[in-house]
Amino acid sequence: MIPDVTMSPRFARALRAELVSHVREKLRPWWRRRAFLLGAGVFAATAAVGSGIAVAVSNVLPGGVETFSLSEPVGKTATGSGLIELGDPPAEATGVTLALTCDSPGTFHFDDGSQLTCTVGDEGSTVTVALPLTTPVSVTTDPDSAWTASAAYVISTTHPWAVNANGQTYGVVTSAGSPDLVAVVATNGKEGYVRSSELAEAAGDLDFRSPEAALEWQESVAGTTASLTVYLSDGTTEIGTFLIER
């Protein structure tokens, strides 16, 4: 006999929210992960000017994270799990940057919970991750998975979103959310911005009333292409088109 289960209104609301969240994860805007959305991070280089003073040279976008190296990178090649010893961190260090290349198929886990999975044919692929301030840096993987990596202490600065004359924020998508205008690369190769509201609507990042409504939307747009106008940071000057294949 199937038991008769009665849910409290509070539990029912929580269950509905979890179901919608689960469906949204399946629909999760893959555009957040694609290369045509301009990234939030930049690793700054240094250059000497006439006075002999070293200054930072970077092209970080509003909302982006600018990172400066504070130590010489320490390299390691290993098969299976391993540690990279960096020594004592500089007082001003805020984190660690790790660049790992998979030398064989495998899944490589990092200290912040992120991971890199390489399949056959992916050998030589490299990923760079920003890690919390920790030493030694650990790479966890299967005993027969080979990798090469280098790590260094860094100091990172997060830049705020910029605001145009119309009061719109613009920049890159961050953990805090999206600005009014999101940095992208148009089909003509020009860098510009699309309206965050239009991007969310085209990609399905919407407040669906139920899991069924979310799946219905997904089915209704499957195989279609959304075309968004790309603007300069003023939000009015059109410079190109941004396409989302769904």
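Quick note: structure is the one above.
I will try to describe carefully the structure that is included in this document.

Reading the values: the criteria
- Residues numbered from 1 in each chain as written.
- Predicted model: local features only at pLDDT ≥ 70, side-chain atom pairs only at ≥ 80, totals over all residues.
- Heavy atoms only, no water.
- Helix = DSSP H or I, 4+ residues; strand = E, 2+ residues; numbered from the N terminus.
- Buried < 20%, exposed > 50% of the residue type's maximum accessible area, 1.4 Å probe, protein only.
- Polar contact = N/O pair within 3.5 Å; in protein donor to acceptor, adjacent residues only side chain to side chain.
- Contact = heavy atoms within 4.5 Å.
- Core = buried A, V, L, I, M, F, W, Y, C linked by side-chain atoms within 4.5 Å.
- Disulfide = S-S within 2.5 Å.

Before going further, it helps to spend a moment on the side chain of asparagine 164. Here asparagine 164 is to be found in the loop between β13 (162–163) and β14 (169–171). Residue asparagine 164 is classed as buried on the basis of its relative accessible area, which comes to 11%. Within the local environment of asparagine 164, its side chain forms a polar contact with the backbone nitrogen of glutamine 168, the two atoms lying 2.9 Å apart. Leaving out residues up to four positions away in the same chain, asparagine 164 has contacts with Tyr170, Leu181, Ser233, Asp234 and Gly235.

Another point: the nonpolar core. Of all hydrophobic cores here, the largest spans 20 residues; its most connected members are Ile84, Leu98, Leu100, Phe108, Phe110, Val137 and Trp147. Taken together, the elements giving at least two residues each to this core come down to β7 (95–102), β9 (115–118), β10 (126–132), β11 (137–139) and β12 (146–158). The next biggest cluster of nonpolar side chains, apart from the first, holds 12 residues, and it includes Val182, Val194, Ala226 and Ile239.

Summed over all chains, the structure comprises one disulfide. Between the sulfur atoms of cysteine 102 and its disulfide partner cysteine 118 the distance amounts to 2.0 Å. Taking the sign of the S-S torsion, about -85° here, the bridge from cysteine 102 to cysteine 118 comes out left-handed. Of the two residues, cysteine 102 sits in strand β7 while cysteine 118 sits in strand β9, which places them 16 residues apart along the sequence.

Function cannot be read off these values alone, since they describe shape.
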